[in-house]
Amino acid sequence: MQETAYLLVSTKGTDQNKLIQKNSLLYVFSDYGMTVYFTTVVAQKIFNLQLSGVRYPFEFMNMSDLQSLKIKNKLTVSEEVIEL
């Protein structure tokens, strides 16, 4: 059975003196393969940065770190910018 996992991030702020809202939606078909891919990406990042201690992934990762998952068609990202 496949399930879809979603993460919606919505931010508001100014860009070039305009008030905007940016919405980013990440979704993935959740399976064991995705877990393995994500774990590998996180482990490589920890190793390359030589991190130690307790960390949340968002403290040391960004969207570009997930590009390898997008390339494998495991992760889909959609973004919209709304001028307020």
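Rules used throughout
- Residues numbered from 1 in each chain as written.
- Predicted model: local features only at pLDDT ≥ 70, side-chain atom pairs only at ≥ 80, totals over all residues.
- Heavy atoms only, no water.
- Pairing = 2+ DSSP bridges.
- Helix = DSSP H or I, 4+ residues; strand = E, 2+ residues; numbered from the N terminus.
- Axes fitted to C-alpha atoms, helices over the stretch in contact; angles between N-to-C directions.
- Buried < 20%, exposed > 50% of the residue type's maximum accessible area, 1.4 Å probe, protein only.
- Expected span 1.5 Å × (residues − 1).
- Arc of directions from axis to C-beta.

As for the sheet that holds strand β2 (residues 18–30)
Working step 1: As summarised here, the arrangement of the three strands in space is β1-β2-β3, forming an open sheet in which the pairing is antiparallel. Lying at the two open borders of the sheet, with one neighbouring strand each, are β1 (3–15) and β3 (75–83). Put simply, the sheet's adjacent strands are angled 15° from each other on average, direction ignored.
Working step 2: Summarising the sheet, β2 and β3 pair through nine bridges and their orientation is antiparallel. If you follow S24 over to β3, its bridge partner there is E79.

Section: unusual backbone geometry
Most of the time, phi is negative for any residue but glycine, and the peptide bond is trans.
Working step 1: You will see that Q16, though not glycine, has its phi angle at about 55°, which is positive.
Working step 2: In this structure, Q16 sits in the loop between β1 and β2.
Working step 3: The class for Q16 is exposed, based on a relative accessible area of 72%.

Here's the deal with helix α1 (residues 32–49)
For an α-helix the count is 3.6 residues per turn, leaving residues at separations of three or four pointing the same way.
Working step 1: The first and last C-alpha atoms of α1 sit 26 Å apart over 18 residues, in line with the 26 Å expected at 1.5 Å per residue.
Working step 2: The complete set of buried residues in α1 reads M34, V41 and V42. Projection of α1 onto a plane perpendicular to its axis shows the buried side chains occupying an angular sector of 90°, all on one side. The exposed set on the far side of α1, more than 90 degrees from its buried face, consists of Y32, V36 and F47.

Brief notes about the environment of G33
Working step 1: Note on placement: G33 falls in helix α1.
Working step 2: Given a relative accessible area of 30%, G33 falls into the partly exposed group.
Working step 3: Sequence separation between G33 and K74 is 41 residues; the distance between their C-alpha atoms is 8.9 Å.

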